[in-house]
Amino acid sequence: MRKILSLVTAFVILFIHFNYGNISKVKGLETETHIIITVNETNFDAVLYDTESAKTFLSMLPMTIEMNELNSNEKYHYLDKTLPTSSESVGQIHTGDLMLYGNSCVVLFYKDFKTSYSYTKLGYITDTTDLQNTLGTGNVTVTYSKVSNDGFVLNDDSSLTISDKYIYGDLFLKADETEVLSQFKNNSIHIEKTGKKIGTGSKLVLIENNTVTSELTVVIFGDVNGDGECDAQDAVIVSCIVFGLISLSDLNEEYRIAADCNQDGNIDKSDSSLLIETGLKLKEISQTPTQTEEKSDILVVYFSATGTTETIANYAAAALSADIYEIEAEVPYTAADLAYYTGCRADKEQSDPTARPAISGSVDNMSQYKTILLGYPIWHGQAPKIIYTFLESYDLSGKTIIPFCTSHSSGIGSSATNLHSLAPNSQWNSGRRFANGTSEAQIVSWLQALTLISTEKFKRW
Ligand SMILES: Cc1cc2nc3c(=O)[nH]c(=O)nc-3n(C[C@H](O)[C@H](O)[C@H](O)COP(=O)(O)O)c2cc1C
């Protein structure tokens, strides 16, 4: 009887809806990309433009750089990587402008003045009060950080993890509200609890000017009823799911994620057993949202000189819970090596049919994998020659290879079909090109279309 009562209580908690009193939700802010620029512990909010250059810059964050003083009006730093450019004669410089000089020099201006130089605009600081004083007169260390999920910024040492619209972490089980809030750089966060404690389904709400600008939903693996504990009540709910007494479609996604206690992609007996066996001790299971139990038979392999392909590869590996391997050149590519159409190293390799740049390291156990997603940037319409080196280094017979690429504007063209002869006994799927800035959701749709993400298997994304 007590179990039934507990179950009823659990259901009541599961279907609680929240409202935020007089605070109204605003739309539209999501369209702007904000970053935080930190100088001497002072945070400046900045907006990035919706351009390829700014997106590439964003993909490189977080980044701490030493910026050099110049002309008493700007701080500059040459990056190791080049960014796409759309240089223009800007005429007027405004305090707080963040620009790119050439293709790799980031410049932060702290005075208004006219200029005859050309720059690629990256973004601007929204409130420049005290910027000049804070930057000082000499060289200065500046940190550029991404603003996660429309405004939530975790401290560097936070034990919480933000992913998509959720926030994970065992801190919720151990700590009080104040300790949770101290994990954030922003202090305008409000917690809407599911019960007495912060539990799965609780909301972390970012409030600016009395308005909710965004929110994150708490997920605690094993806390399926949202009471902030992992106990027998949760075990009963997971058992009901396993035996089909509760349909997954009746549960909000955060509770489904929490019910997959061991994060192996399935809600099954292993989850209910884990809860029953360990009971309250489940508090000790890791709350990092990418645990996998089984060995993956999918390997995401990629080469990326400036991070664009890497972002796509990371999305794919996360969505598939697959292993990931980065092809790294024995002699790394410098910015000068990548300055295409200048006769640079990359230009020379691409025009030399015999070029096979050496790879540093290797895949540990290639025989484990049945499917390989192979990602690369387009270089002069083709895959970089280091991809040729990779394909010639392994016996890939019988494996399915799925090529994907990123480029400034070119399609995948013949770049993938020209690789077939290098692994002639593999099953080659047709490839796909992605633009810089492709979202995680787009990658998931692609993987679903390839049926690599099974519809039977519950996945978090
Ligand atoms: C040597 C070289 C040649 C390139 N050739 C092309 C090209 O033919 N077409 C194109 O659209 N982009 C071209 N690009 C741009 C890259 O394909 C694009 O920036 C890509 O997304 C970079 O990926 P990565 O950041 O993973 O290295 C070239 C870049 C380099 C360095």
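Since this is a predicted model, take the numbers as computed values, not measurements. (Residues numbered from 1 in each chain as written. Predicted model: local features only at pLDDT ≥ 70, side-chain atom pairs only at ≥ 80, totals over all residues.)

All right, on to the overall build of the protein then. Helix and strand counts for the protein come out as 12 helices and 24 strands. By residue count, 36% of the 461 residues in the protein fall in the buried class. For the protein, long-range pairs separated by at least 24 residues make up 69% of all intrachain contacts whose partners lie at least 6 apart in sequence. (Helix = DSSP H or I, 4+ residues; strand = E, 2+ residues; numbered from the N terminus. Buried ≥ 20, exposed ≤ 12 C-beta atoms within 10 Å, placed from the backbone. Contact = placed C-beta atoms within 7 Å.)

A few words now on the site of the ligand. Lining the immediate environment of the ligand, one finds 22 residues, of which Ser304, Thr306, Thr308, Thr309 and Pro377 sit closest. At the level of secondary structure, the elements contributing two or more residues to the shell around the ligand comprise helix H9 (308–320), helix H10 (345–351) and strand E22 (400–407). For the shell around the ligand, the leading source of residues is H9, giving 3 residues. Among the residues forming the shell around the ligand, the class breakdown is 7 nonpolar, 13 polar and 2 charged. (Near = placed C-beta within 6 Å. Nonpolar A, V, L, I, M, F, W, Y, C, P; charged D, E, K, R; others polar.)

What follows covers the nonpolar core. Leu299, Val300, Val301, Ala316, Ile372, Leu373 and Ile387 are the most contacted members of the largest nonpolar core, which totals 46 residues. Listed by contribution, the elements that provide at least two residues to this core are strand E17 (298–302), H9, strand E21 (371–377), helix H11 (385–393), E22 and helix H12 (440–449). Considering every element that reaches this core, the biggest residue donor is H9, with 7 residues. Those residues within four positions of valine 300 in sequence are excluded, and the remaining contacts are Ala313, Ala316, Ala317, Ala322, Ile324 and Leu373. Core analysis: the next-biggest nonpolar cluster, separate from the first, contains 35 residues, Phe221, Ile237, Tyr255 and Leu275 among them. (Core = buried A, V, L, I, M, F, W, Y, C linked by C-beta atoms within 7 Å.)

In this structure, serine 321 is a non-glycine residue whose phi angle is positive, near 50°. Backbone geometry at tyrosine 341 places phi at a positive 70°, although glycine is not the residue there. Within the secondary structure, tyrosine 341 is located in the loop between strand E19 (328–329) and H10.

To continue, consider the confidence of the model for the protein. Overall, the prediction assigns the protein a mean pLDDT of 82, with 84% of residues at 70 or greater. Low pLDDT, under 50, characterises residues 454–461; the stretch is placed with 13 contacts to residues that sit more than four places away or in other chains. (pLDDT = per-residue confidence, 0-100.)

An α-helical segment advances 3.6 residues per turn. Residues three or four places apart therefore align on the same side. The set of residues buried in H12 consists of Ile443, Trp446 and Leu447. Buried residues of H12 fall within an arc of 95° about the axis and therefore sit on the same side. H12 presents Ala441 and Ala449 as exposed residues on the side facing more than 90 degrees away from its buried surface. Buried residues along H12 sit against H9 and strand E24 (432–435). (Arc of directions from axis to C-beta.)

Attention shifts here to the environment of serine 273. Inspection of the secondary structure puts serine 273 in helix H8 (residues 269–278). Since 16 C-beta atoms lie within 10 Å of it, serine 273 is described here as partly exposed.

Secondary-structure assignment places alanine 259 in helix H7 (residues 253–259). Owing to 28 C-beta atoms within 10 Å, alanine 259 belongs among the buried residues under this scheme. For the pair alanine 259 and isoleucine 241, spaced 18 residues apart in sequence, the C-alpha separation works out to 8.7 Å. Not counting the four nearest positions on each side in its chain, alanine 259 is found in contact with Val224, Ile237, Val238, Ile241, Ile267 and Asp271.

A word on the packing of H9 against H12. At a closest axis distance of 9 Å, the pairing of H9 and H12 adopts a crossing angle of 60°. By the angle class used here, H9 and H12 are oblique. The crossing of H9 and H12 is right-handed. Across from Ile312, Tyr315, Ala316, Ala319 and Leu320 in H9, the residues of H12 making contact are Glu440, Ile443, Val444 and Leu447. Class assignment of the residues belonging to the contact of H9 with H12 gives a composition of 8 nonpolar, no polar and 1 charged. (Axes fitted to C-alpha atoms, helices over the stretch in contact; angles between N-to-C directions. Parallel < 35°, antiparallel > 145°, perpendicular 65-115°, else oblique. Left-handed = near helix turned anticlockwise from the far one by under 90°.)

A word on H9. Taking 1.5 Å per residue, 13 residues should reach 18 Å; H9 reaches 19 Å between its end C-alpha atoms and fits that length. With 10 of its 13 residues buried, H9 lies for the most part within the structure. Where H9 is concerned, the buried positions are Thr308, Thr309, Thr311, Ile312, Ala313, Tyr315, Ala316, Ala317, Ala319 and Leu320. (Expected span 1.5 Å × (residues − 1).)

Position of isoleucine 246 among the secondary structure elements: in the loop between helix H6 (232–242) and H7. Judged by C-beta crowding, with 22 C-beta atoms within 10 Å, isoleucine 246 ranks as buried.

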